[in-house]
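Single-letter residue listing:
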Amino acid sequence: MKKFTRKLMASAMTATMAMSMIGGLSASAVDNPSFTTSTPNIETAEILKDDGFRNCANAIINNSELMGIDGDMYNAVIGEPYSIATINSDMSVGSGNDNVFFPVISEDNIVGIISATKIDGDYHFSASEGIADELNAKKAESVEFALVADESGNVYTVETDGTTEVLAVENETTVEDYTLSFDEVDDYNNVISDTIFSSDTKRLTNWYNSATESAYIKELKNYPCLTQVGDTCWAYVILSMARYKLDSTITIGDVYGAYVVTNGKIDTEHGATLTEAYNTIDYIFTYLFKDDNSDYSPEKKTSQISGSQIMNNIRDDLPVFIYGTNIDDPDDYDHAVALMGYERTNGLVTGVYIMNTQNGKISCIDYDSKKTYFNGNDGTLYQWSGTITLNGTLS
């Protein structure tokens, strides 16, 4: 059984791109897009026309506060597109997955990111604050720098003189011990400079039509945003659910205690299977911290749930445990997030809001009734392949 864990590689680093972290969008107009990035198999013209991109743009316009995105979104613009290169096991640098990143810019600051990934010919999108603050801070001290990522989820900047620094830490880092050649890493459409603030950038509202694209948004108010410690996303997702529904004073120790009792294991510093997470949730909600005013009956599914089931859970003020399988390495790396809201357009769920414990932030991802994907803090893409609800699936 797979586990919610991320393997540390002390020297072997075959990175995936940091999908929720940085990026840009072509400055070309929506009705006449012509810019194509150098990222393999990525056509910006296609991205600009995709409903998923429009849904994410509208999510930022309508719900930026929930996602921690500051600024006047009605005057925000989309910058130039960028990717993040990857570090291979021999410390060589290469192109990453089919990902491209679109910075949302307000008053000359990157305030949010729309990410696009191409899978089997289709694009999948997410919107979040990402590491906008880190990028702005780095941009203030450096004229130009390239972005690379390692397998542990860390993102690094490489300056023109080869100075390599950690930009965003996901887990134990090793690349800061090396000096990478800027000439070797700047060939993957991954350089950040003043070019992202093109004079031809387009307003975010170009993708907004209040008459036809108004979305109904429903979220769990004041949902706890927590950041995991180590490979324990599953535990912090459960903690957020328990604090929201049961008692705000519940500790991570309580979650670990429930895990040990129900699964007969003492190892609480690493991953948990979907079944182990379910056992822990069931014990906490039906016994350990039972709410006398509610009758919880957690249920596990080895799949995503439907749009109607999503709406029913959020309508009933219930967060949902989402299990994701790494699409590049399904035998090893899994991740868990909390579902805490959705967007509905023309009667259909088109996006869901998740709290990601890798960075303690909320993002919006486009929802597909067949296959839905979300990205980790390091950009790894996960397919929603398991679900734990507090009162069944409410079908």
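Up top you'll find the structure we're talking about.
This structure is a prediction, so every number in the text was calculated from the model and none was measured.

Reading the values: the criteria
- Residues numbered from 1 in each chain as written.
- Predicted model: local features only at pLDDT ≥ 70, side-chain atom pairs only at ≥ 80, totals over all residues.
- Heavy atoms only, no water.
- Helix = DSSP H or I, 4+ residues; strand = E, 2+ residues; numbered from the N terminus.
- Buried < 20%, exposed > 50% of the residue type's maximum accessible area, 1.4 Å probe, protein only.
- Contact = heavy atoms within 4.5 Å.
- Areas by Shrake-Rupley, 256 points an atom, 1.4 Å probe, with all protein chains shown as cover.
- Phe/Tyr/Trp six-rings, centres within 6.5 Å; stacked < 30°, edge-to-face > 60°.
- Patch = residues over 30% accessible without salt bridge, like charges linked within 9 Å, V, L, I, M, F, W, Y side chains within 5 Å.
- Salt bridge = Lys/Arg side-chain N within 4 Å of Asp/Glu carboxyl O.
- Lys, Arg positive; Asp, Glu negative; His and termini not counted.
- Charge placed at Lys NZ, Arg CZ, Asp CG, Glu CD.
- Axes fitted to C-alpha atoms, helices over the stretch in contact; angles between N-to-C directions.
- Parallel < 35°, antiparallel > 145°, perpendicular 65-115°, else oblique.
- Left-handed = near helix turned anticlockwise from the far one by under 90°.
- Nonpolar A, V, L, I, M, F, W, Y, C, P; charged D, E, K, R; others polar.

**Some words on the overall build of the protein**
Moving on, step 1. Counting secondary structure elements, the protein contains eight helices and 19 strands.
Moving on, step 2. Going through the 395 residues of the protein one by one, you find that 60% of them count as buried.
Moving on, step 3. In the protein, of all internal contacts separated by at least 6 residues, the share reaching a separation of at least 24 is 66%.
Moving on, step 4. Looking at the protein as shown, the accessible area adds up to about 15200 Å², and 42% of this sits on carbon and sulfur atoms.

**Structural notes on the packing of aromatic side chains**
Moving on, step 1. Using the criterion set out here, one finds twelve aromatic pairs in the structure.
Moving on, step 2. Judged by centre distance (6.2 Å) and plane angle (75°), the rings of Phe-53 and Phe-125 are edge-to-face. Taken together, the residues Phe-53 in helix H2 (residues 51-63) and Phe-125 in strand S6 (residues 122-128) connect sequence positions 72 residues apart. Pair check on accessibility: Phe-53 and Phe-125 agree, each one buried.
Moving on, step 3. Relative to Trp-207, the ring of Phe-53 has its centre 5.1 Å away and its plane inclined at 65°; by these criteria the two rings are edge-to-face. Placement of the pair is Phe-53 in helix H2 and Trp-207 in the loop between strand S11 (202-203) and strand S12 (216-219), with a sequence separation of 154 residues.
Moving on, step 4. The class of Phe-53 is buried, set by a relative accessible area of 0%.

**Describing a negative patch on the surface**
Moving on, step 1. Judged by side-chain charge, Glu-65, Asp-70, Asp-133 and Glu-134 come together as a negatively charged surface patch.
Moving on, step 2. Tracing the chain through its elements places Asp-70 in the loop between H2 and strand S1 (77-78).

**Some words on the packing of helix H5 (residues 233-245) against helix H6 (residues 252-263)**
Moving on, step 1. Where H5 contacts H6, the axes come no closer than 9 Å and their chain directions differ by 115°. Comparing their axes, H6 and H5 come out roughly perpendicular. When you trace H5 past H6, the crossing you get is right-handed. Of the residues in H6, those touching H5 at Trp-234, Ala-235, Tyr-236, Ile-238 and Leu-239 are Ile-252, Val-255, Tyr-256 and Tyr-259.
Moving on, step 2. Of the residues assigned to the contact of H5 with H6, the class counts are nine nonpolar, no polar and no charged.

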